[in-house]
Amino acid sequence: MRCSLCFFLLLIYVIVSVAAQQCVDTTEVETGFFAWDVAQAPPLLSALFPNSTLLRSAWETRPLLSKVSFAQQQPNEQSTSTNDIPVILHNRSSILQLQSSDKESGDPLLSLLSVDDIISIISQPHIRHGVDYKVAKKIIRNGEEHLGILPKPHYSIDEVLKHFHYGGFSVVINRMHLRWWTVASKARRLEEELNSIKIGVNMYLTPEVVLEDQNNGLTRQGFEPHWDWMDVVVIQLAGRKRWSVANEPAVYLSNKDQKRKPSVEEIKHYVKSPARFEEFTLCPGDVLYIPRGHIHNASTVLFDDLVNDDDRSLNRCPESYPSADIAKLLSWHGPSLHLTFGLEQGCEGTLESLLHHALSSYFDGNGASNSIAIPAESCSHRSQTATTKDVKWKTILHHALAEVARRGHPCDFPSFHGTNTMQNLACSGSASLRQSVPLGLSDNSGTLQYSHLNAAYLRALDIFSSSASIGRTAEFIQTLQKPPVDLELTFCFPGFSQEDIVSCPDALMSLTTLQATNEFAQVLMNFKKYASASFHTALKIMDKLGSDIREMNRKRQLVDLERVAQEYFSS
């Protein structure tokens, strides 16, 4: 009788949970959790994007352009074209104020890096082609675009310059935050202002397009259309580059392990309006924000194209600046040079991560960590090895959460899939578990940011508990054993270890029995009860892990920068 009553209660729980999921998925979610005051972003962000309201509304939602204005345009003026990228027009006064407050010499942005600096970096004895930097350009193979990289592990600086000037190759240097002090300084400052776990920086130097290239139908660009698994802030330092950016994500708030090469069909759709914004040109001093998951690409552009565009066009660079000194710095002729700052939340800095910490806390602190979902003896004899272990419910629920957070969503390329446009979607539901969470909020429990995050955490908990399926979890684990070939990065979650690898996926079918389904629902219900009252505990664990990772990265950064400095001054 007691068992029948338990089964009846579990059945009611599952039914109510499914109904709750239908409600939760349509609830609009607060976009973005910020480490700064509601009214004003901190100094560097305010200088890069001198309109905090537009920056907040764009964060993790849509691209945003911050562009140096013409003399006749008003600061903070916005574009009125319906298919133009949202834009902040400004006169760089905020950048110059940043210069005086930082007591820096030269322009705070445009003096970050020069071509001579790039030559110094590539000339360092320890740097490896194909690993630390690439000489590359877009190529067409079998009708598809690919990144063509020169094959040798080492090239002299003369060889690099020859390919750059005469072959139309771009130069890409990875991890610039470990190679150049001025770049590292800005990356760390952004890291602190955003309370991000890690900000990495890459550099892109692309040759200027010449008339012969245009006549041959060629443009010089470094990469084929792609999307990133991190939000990026692009700062144009020299030259100019024409950008094309999708106005909707291919994968909404893409995770590291969701990164893949866009299909030919997706690329064809992306290049057509209204799937992307009208093209625009980055000039020296311009800054571009692109949320993760948005397809984009860029190329250098013929000088005459800029001269012939009308004065208010986003495809034209200013001819005059507020002072003669700035005009000297803002040279927009020649090769294009830009830095891309990537906000790398990874496995550790999202709402999903926060729930993973709550899961670990529940299982490790409530004597449930050893509860077994699949005994080792359930594995077939051919699958059993010396390392075959029991699969615990803790591992199953971690994978169940990861599966829910990685589901497809109506906000994934809606115009490509024939669904509503982004303007009509709340982008809530399971995809909202991929929202980033800044560090340090556990020490600010009285703030509005903390309150918003707490509410979002409870929504995410509802979504997980009502969406998780033992059958879909089993399929997800099997997929991880043989990931698709186009996935570039591996799956992970906070605290992931060898113990969390399911060593005998052929036994997963045992999870689809009625008994296992009921046990899964019971474990999930117990976890939800615990987690509902454990937000601050999970947040403190997340803050501690994230801060430890950031400190470890900074120690490595200091070692690398000191080595670079020694090589630079000894050469």
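Scroll up to find the structure this text is about.
Residues numbered from 1 in each chain as written. Predicted model: local features only at pLDDT ≥ 70, side-chain atom pairs only at ≥ 80, totals over all residues. Heavy atoms only, no water.

Student: Kindly report on the overall build of the chain, identifying the contributing residues and their values.
Tutor: Counting its secondary structure elements, the chain contains 18 helices and 14 strands. Counting only residues that meet the buried cut, the chain has 53% of its 571 residues in that class. Considering only intrachain contacts with a sequence separation of at least 6, the fraction spanning at least 24 residues in the chain is 81%. Accessible area of the chain: about 25300 Å², with a carbon and sulfur share of 53%. (Helix = DSSP H or I, 4+ residues; strand = E, 2+ residues; numbered from the N terminus. Buried < 20%, exposed > 50% of the residue type's maximum accessible area, 1.4 Å probe, protein only. Contact = heavy atoms within 4.5 Å. Areas by Shrake-Rupley, 256 points an atom, 1.4 Å probe, with all protein chains shown as cover.)

Student: For the pattern of salt bridges, give the residues involved together with the corresponding values.
Tutor: For the coordinates displayed, the defined rule picks out 22 salt bridges. In this structure, the salt-bridge partner of Glu 191 is Arg 554, at a minimum N-O distance of 3.0 Å. With Glu 191 in helix H7 (residues 181-194) and Arg 554 in helix H18 (residues 535-570), the pair connects residues that are 363 residues apart, well separated along the chain. Assigned by exposure class, Glu 191 and Arg 554 land together as buried. Note that Glu 266 is salt-bridged to Arg 260, the shortest N-O span being 2.9 Å. The exposure class of Glu 266 is buried, given its relative accessible area of 5%. A relative accessible area of 22% places Arg 260 in the partly exposed class. (Salt bridge = Lys/Arg side-chain N within 4 Å of Asp/Glu carboxyl O.)

Student: How would you explain the sheet that holds strand E8 (residues 241-245) if you had to name every residue and give the values?
Tutor: Taken in spatial order, the 3 strands make up an open sheet running E9-E8-E11, and their pairing is antiparallel. Taken across any chain shown, the strands that pair with only one partner, and hence form the sheet edges, are strand E9 (280-282) and strand E11 (296-299). Each strand of the sheet is rotated relative to its neighbour by a mean of 35 degrees, with strand direction disregarded. By the bridge criterion, 4 bridges tie E8 to E11 in an arrangement that is antiparallel. Bridged to Trp 243 within E11 is Ala 298. (Pairing = 2+ DSSP bridges. Axes fitted to C-alpha atoms, helices over the stretch in contact; angles between N-to-C directions.)

Student: Describe the nonpolar core, with residues and values.
Tutor: Among the nonpolar cores identified, the biggest contains 47 residues, and Leu 48, Leu 113 and Met 203 are the most heavily contacted of them. Excluding its chain neighbours within four sequence positions, the residues that come into contact with Leu 113 are Ile 118, Ile 121, Met 176, Trp 180, Met 203, Leu 237, Leu 337 and Leu 339. Ranked by size, the runner-up nonpolar core spans 45 residues in total, among them Ala 358, Ile 374, Val 502 and Leu 511. (Core = buried A, V, L, I, M, F, W, Y, C linked by side-chain atoms within 4.5 Å.)

Student: So what's going on with the environment of Leu 439? Which residues, and what values?
Tutor: Relative to the helices and strands, Leu 439 resides in the loop between helix H14 (414-417) and helix H15 (448-467). Residue Leu 439 is classed as buried on the basis of its relative accessible area, which comes to 4%. Expressed as a C-alpha distance, the spacing of Leu 439 and Lys 544, which sit 105 residues apart in the sequence, is 8.7 Å. Apart from residues lying up to four places away in sequence, Leu 439 is in contact with Asn 195, Ser 196, Ile 197, Met 542, Asp 543, Gly 546, Ser 547 and Arg 550.

Student: Tell me about the pairing of strand E5 (residues 170-173), and name the residues and values.
Tutor: The two faces of E5 match: Ser 170 and Val 172 on one face and Val 171 and Ile 173 on the other face are all buried. When strand E3 (residues 133-141) meets E5, the two strands line up antiparallel, connected through 4 bridges. Within the sheet, the bridge partner assigned to Val 135 lies in E5 and is Val 171. Sheet topology places E5 next to strand E6 (residues 199-206); 3 bridges connect them, and they run antiparallel. Considered in E6, the bridge of Ile 173 is made with Met 203.

Student: So what about the side chain of Arg 407? Which residues, and what values?
Tutor: In this structure, Arg 407 sits in the loop between helix H13 (393-405) and H14. Judged by its relative accessible area of 14%, Arg 407 falls in the buried class. Within polar-contact distance, the side chain of Arg 407 engages the backbone oxygen of Ser 467 at 2.9 Å. For Arg 407, the residues in contact, after removing those within four places along its chain, are Ser 430, Arg 434, Ser 467, Ala 468, Ser 469 and Arg 472. (Polar contact = N/O pair within 3.5 Å; in protein donor to acceptor, adjacent residues only side chain to side chain.)

Student: I'd love a proper account of unusual backbone geometry, names of residues and values included.
Tutor: Unusually for a residue other than glycine, Asn 195 sits at a positive phi of about 50 degrees. You will see that Leu 253, though not glycine, has its phi angle at about 50 degrees, which is positive. Among the structural elements, Leu 253 can be located in the loop between E8 and helix H9 (264-270). Since its relative accessible area comes to 1%, Leu 253 is described here as buried.

Student: If you had to explain the packing of H13 against H15 to someone new, which residues and values would you point to?
Tutor: Contact geometry of H13 with H15 gives a least axis separation of 10 Å together with a crossing angle of 105 degrees. As far as their axial angle goes, H15 and H13 are roughly perpendicular. Counting all contacts with H13, which are made through Leu 397, Ala 400, Leu 401 and Val 404, the residues of H15 involved are Ile 463, Phe 464 and Ser 467. Looking at the contact of H13 with H15 residue by residue, the classes come out as 6 nonpolar, 1 polar and no charged. (Parallel < 35°, antiparallel > 145°, perpendicular 65-115°, else oblique. Nonpolar A, V, L, I, M, F, W, Y, C, P; charged D, E, K, R; others polar.)

Student: An account of the environment of Phe 464 is requested, with residue identities and associated values reported.
Tutor: Take Phe 464: it is sitting in helix H15. Take Phe 464: its relative accessible area is 0%, and that puts it in the buried class. Along the sequence, Phe 464 and Ala 400 sit 64 residues apart, while their C-alpha atoms lie 8.3 Å from each other. With residues near it in sequence (within four places) discarded, Phe 464 still touches Leu 355, Leu 397, Ala 400, Leu 401, Val 404, Leu 524 and Phe 527.

Student: Outline the packing of aromatic side chains, supporting the account with residue identities and numerical values.
Tutor: The relation between two aromatic rings is expressed through the spacing of the ring centres and the mutual angle of the planes. Tallying each qualifying case throughout the model produces 8 aromatic pairs. Summarising the aromatic geometry, the rings of Tyr 450 and Phe 535 are spaced 5.2 Å apart at their centres and angled 70 degrees between planes, so their arrangement reads as edge-to-face. Of this pair, Tyr 450 sits in helix H15 while Phe 535 sits in helix H18, and the two are 85 residues apart along the sequence. Neither residue differs from the other here; Tyr 450 and Phe 535 are each classed as buried. Relative to Phe 535, the ring of Tyr 457 has its centre 5.1 Å away and its plane inclined at 50 degrees; by these criteria the two rings are tilted. In this pair, Tyr 457 is assigned in helix H15 and Phe 535 in helix H18, connecting sequence segments 78 residues apart. (Phe/Tyr/Trp six-rings, centres within 6.5 Å; stacked < 30°, edge-to-face > 60°.)

Student: Explain the sheet that holds strand E2 (residues 87-90) to me, using residue names and the numbers behind them.
Tutor: Strand order in this open sheet of 9 strands is E2-E1-E10-E7-E12-E6-E5-E3-E4, and the pairing throughout is mixed. Each end of this open sheet is capped by a strand with a single partner; those strands are E2 and strand E4 (144-149). The sheet shows a mean angle of 20 degrees between the axes of neighbouring strands, direction not considered. Of the strand pairs in this sheet, strand E1 (residues 64-68) and E2 are connected by 4 bridges, and their pairing is parallel. Bridge pairing links Lys 67 to Leu 89 in E2.

Nothing here speaks to function; it is geometry throughout.
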